[in-house]
Amino acid sequence: METKKEQGLSIEEVKKRQEKGQVNYDTSVPTKSIKKIIYNNFFTLFNIINLILGIAIFMVGSYKNMLFLGIIMLNTAISTIQEIHSKRVVDKLAIMASYKAKVIRDGKKQEISIHELVLDDRIVLQTGSQVATDSIILEGNVQVNESFITGESDTIYKKEGDMLLSGSYIVSGKCIAKVEHIGEENYTAKIFSGAKYVKKMNSEIMNSLNRIIKFLTFAIIPIGIGLFYTQLQVEDTTFQEAVVKSVAGIIGMIPEGLVLLTSTVLAVSVIRLSKAKVLVQELYCIETLARVDTLCLDKTGTLTEGCMEVKKFIPVNQTEEEMRNALANLAEASEDENSTIEAIKNYFTEVKEKWNPTQKFAFSSQTKWSGIHFEGKGTYLLGAPEFILKKEYETAQNIIRKYAEDYRVLAVAYTDEEIKNQELPETVELIGYVCILDKIRKEAKKTLAYFDKQGVSIKLISGDNPITVSKIAKQTGVKNYDKYIDMSTLKNDDEIEKIALQYTIFGRVSPTQKKKLVEALQKANKTVAMTGDGVNDVLALKTADCSIAMANGSDATKSVSQLILLDSNFASMPKVVLEGRRTINNIQRSATLFLVKTIYSGLLAVLFLFIGEAYPFVPIQMSLIGTITIGLPSFILALEPNKERIKGEFLKNVIVRALPVGLTVILNILVLAILNKKEMVSEEQYSSLCVIGTGICGILLLFTLAKSRRSENSKLPVSIFRLTLAIVITALFILGLTAFNWWFNIVPLMPILRIILKLILLSILNFAVLTIVFKKIAFKQNVRKKPKNLLAK
C-alpha cells in the first residue's frame, strides 16, 4: 500500500485547499503596476512646478503662453504609454521564464507553477531547484544553500524532518518535502517581502540625472522668486509682464523631458530585447552591460551545448565487463540530474548483475564527486580524478593529462571504508577512467570573436579540468587559451587577486572561488558580466555588475540574474550589448540637448537678477526653442541605431558638449542686450533676436552631432541621418520664425537680416572656440585622473 508521501494530495484535497485560499499566491510584483507608472510619470516635482506656473499664466490672462503645459502633458502621455507597453511585454516574458515546481498528486508526478502550490503539497526537490515555500523533508537528504537569507555561502546538510526555507536552493541531492507555509506565511516573505534576491540599482545615467534634479530642486524656487522680484522693478513693466517673463525663465531651467525620455528609451530597449528572446529583469542592467569590459563565462551552456557523450572508458584495476557493470549500476541508481550522469546513463545501459543501493551521495560542485554504497559491494565513486584519488593522483597524473587533451576525464573508484559528512577516505581503489566530450555550440566562435573585436576580455571559469577547458577555448578562438590554472591547487584564496588578470582559463573552481574571482576583477577596475546556468554560478552572478542566466538553467540562477536568455542561446549576447550601446549613446546625446537649455536658462536667470533689465523671452518663445531645437531632435536621436563604444563618464560627456552651446547663448544675449541698451535695436527686435540667436546655437549643436562620429558601415565623415535631421530642424525653425511669427511674438525678419547674419557668424566663432577650450580641459583631467570602474560596488 502506498504511503501518503508517495501518493501526495488527491485532486479533491487540492480543491478544498484552493477554496480555503491555502494557495501559494504570488506576493511579489514583477514590474510596477499601471497605476504606479501613471502616478510616477505625471505626479513629479517638475510637473507640479510647471502646473503652478501654468496657473500663474492663466491668472494674468496670457493664454497662448500656456502652450508649454500642453507639450509637457503630451510628452508625459507618450512616455507613460510606452512604459505600460514595456511592462506588459516583460510580464508576458516573466510568465514564460517563471519557476515550476514538481509535485506528487494522486500518485503521479506533475509540473506546476510555484504559485499553484497548496498547503501540504508533496514537492520533489533536486539539484538546482529553488525552494518556493517553507517545506519539511519527508524523504531523502540534500545540501542546501541559504545565502539568500543568511548571507553565508556555506552549504547546510538537511535530512528527513528538517525545514527547508523558501528562497534557499538545493546544491546537491534529492528529496520529497511537504509544503508547510504558503504565500505571506513563508519565512522570506515575512523577512524580505519576497524570496528573490534584489541587487541594488547601480546606474551611472540615473545617478547623474538624480544629481542634476537635486541641484535644480534647490535652485529653481529661490532663483524664480528673485527673478520675479527684479522683473517687477524694471521700468514700465506691468505685473502681467513680470509674471510671464519670470515663468519663461523658470520653465527654461527645467529639463522636463529628460527623465521621461530616458525611461522611454529604456522601455523601448526592453521591448526590442524581448523580440530577441531576452527577458530584462532589471532595467538599468542594459546600461551596465554596454559598459562591460570583462565577460566571465562558464564553459557549460555558453561555449558548449550542455549535453555530453561518453567516447570511451579505460579499465585499470578491473576487467572491462566488471567496470561496465559497476557504471551501469551507478547510472541506474543515481538520482542526480546533470549532463554528466545523463551521458553515463545513455552509454552504460545494460546491467549484467543488479546491485542493491543502500546509501547515495549526490554530486556537489564543492566536492566534485558523487557516489553510491551498494549492499555487500562497498561504495563506488565517480568524479574529478584529483578530488577522488587524492594521494594516488600524483602517480596517475601523466595518463590523465594525456586523455585530458581531448576529453573531459572522470575517475571511477571504489572504497569499502565508511564515508562520513561527504568526506572521502585518504585511500581509494582506482577502477578506471571515463572519457566524455562536450558538444561545442556552432555560434560560440563567432560570438567570442565579436567580443574580442569590441575590446571585451574573456575569462573562462569552470569546475572542469583546466586542460580540458583550455582545449575547448582554443577550438572557439579564445585568446590566451594556454594561460590556464587549476584553482584547486591554490593554498589560500588570498592568491586570487594576483591571478585574476594573469590567467584566462580557471579550472576546478569552487562556487566561492568564482565569486572571489569576480570581486578581484572588480577591484582591478573592471566592469564584469557573468553568464551561468548552474547553482555553482549563483554566488558569482550575485556579485557581478551584470548577470545573465540561461532559461534552461536552474531556478536559483534565473532568480538572481538581471537578464535571462529565453532561448538559452549565447549568440544573443551581442544583440544585448548593441542595444545597450544604442540606449546609452542616444540618451547621452539627448541629455546634451536638454541640458543646454537648462544651462543657459539658469545662467540667464541669475544674470538678469543683477543687471536689472527685462528678461528677453516669454513662455511661447521658449516653447518654440524647446520643441524645435530640443524636444523633436532628442526624441528622434534617442531611437537611432548606434553601435559606438561607450567612452568616458556620462555626466562629464554631457557637460563638455552642453557648456559651449550654453555659454554661446549667454554671449549672444549679452551682445544683444548691449545693442538694445544703446538703442541700436528696438525692444521687439531685441526679444526676437534673442530667440533667433538661441535657436542658432541649438542648430549648431545638431550639426556638430551629425559630424561627431563616423558610421561603422560608412566612410563618410558625417551621419547622413543626423545631417538630414539638422537640416529639417533648421527648416522648421525658419518656418516658425516666418509663417508663425505672429504666434511666437517674432518681428518681421527682413529689417534685421544683417544683424541675424552677423549673429550666425558670432555664434559659430564663439561655439568653435569654447568647444576647443572645454575639450582640452576635459582631456587634461582624463590624463591626470586614473580611470575607475564607475559601476564597481
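See the structure printed just above.
Quick look at the structure, then. (Residues numbered from 1 in each chain as written. Predicted model: local features only at pLDDT ≥ 70, side-chain atom pairs only at ≥ 80, totals over all residues. Heavy atoms only, no water.)

## Observations concerning the packing of helix 23 (residues 619–638) against helix 26 (residues 720–738)
Contact geometry for helix 23 and helix 26: axes closest at 10 Å, N-to-C directions at 160 degrees. Judged by the angle between their axes, helix 23 and helix 26 are roughly antiparallel. For the pair helix 23 and helix 26, the sense of crossing is right-handed. Contact residues: Leu624, Ile628, Thr629, Leu632, Pro633, Ile636 and Leu637 in helix 23; Phe721, Arg722, Leu725, Ile729, Leu732, Phe733, Gly736 and Leu737 in helix 26. Class assignment for the residues of the contact of helix 23 with helix 26 results in 12 nonpolar, 2 polar and 1 charged. (Axes fitted to C-alpha atoms, helices over the stretch in contact; angles between N-to-C directions. Helix = DSSP H or I, 4+ residues; strand = E, 2+ residues; numbered from the N terminus. Parallel < 35°, antiparallel > 145°, perpendicular 65-115°, else oblique. Left-handed = near helix turned anticlockwise from the far one by under 90°. Contact = heavy atoms within 4.5 Å. Nonpolar A, V, L, I, M, F, W, Y, C, P; charged D, E, K, R; others polar.)

## What about the pairing of strand 16 (residues 457–461)?
Buried residues dominate strand 16, accounting for 4 of its 5 residues. In terms of strand pairing, strand 9 (residues 294–297) meets strand 16 through 4 bridges, oriented parallel. Residue pairing across strands places Leu297 opposite Leu460, the latter belonging to strand 16. Bridge count between strand 16 and strand 18 (residues 505–507): 2 bridges; the pairing is parallel. (Buried < 20%, exposed > 50% of the residue type's maximum accessible area, 1.4 Å probe, protein only. Pairing = 2+ DSSP bridges.)

## Points about the pattern of salt bridges
It is possible for side chains of opposite charge to pair when their charged atoms get near one another. Within this structure, the stated rule accounts for 22 salt bridges. Between Asp298 and Lys514 there is a salt bridge, with its nearest N and O atoms 3.5 Å apart. Of the two residues, Asp298 sits in the loop between strand 9 and strand 10 (304–315) while Lys514 sits in helix 19 (residues 511–523), which places them 216 residues apart along the sequence. An identical accessibility class is assigned to Asp298 and Lys514; each is buried. (Salt bridge = Lys/Arg side-chain N within 4 Å of Asp/Glu carboxyl O.)

## Thoughts on the pairing of strand 9
The two faces of strand 9 match: Thr294 and Cys296 on one face and Leu295 and Leu297 on the other face are all buried. Note: strand 9 against strand 19 (residues 528–532), 3 bridges, orientation parallel. The residue of strand 19 that forms the bridge with Cys296 is Met530.

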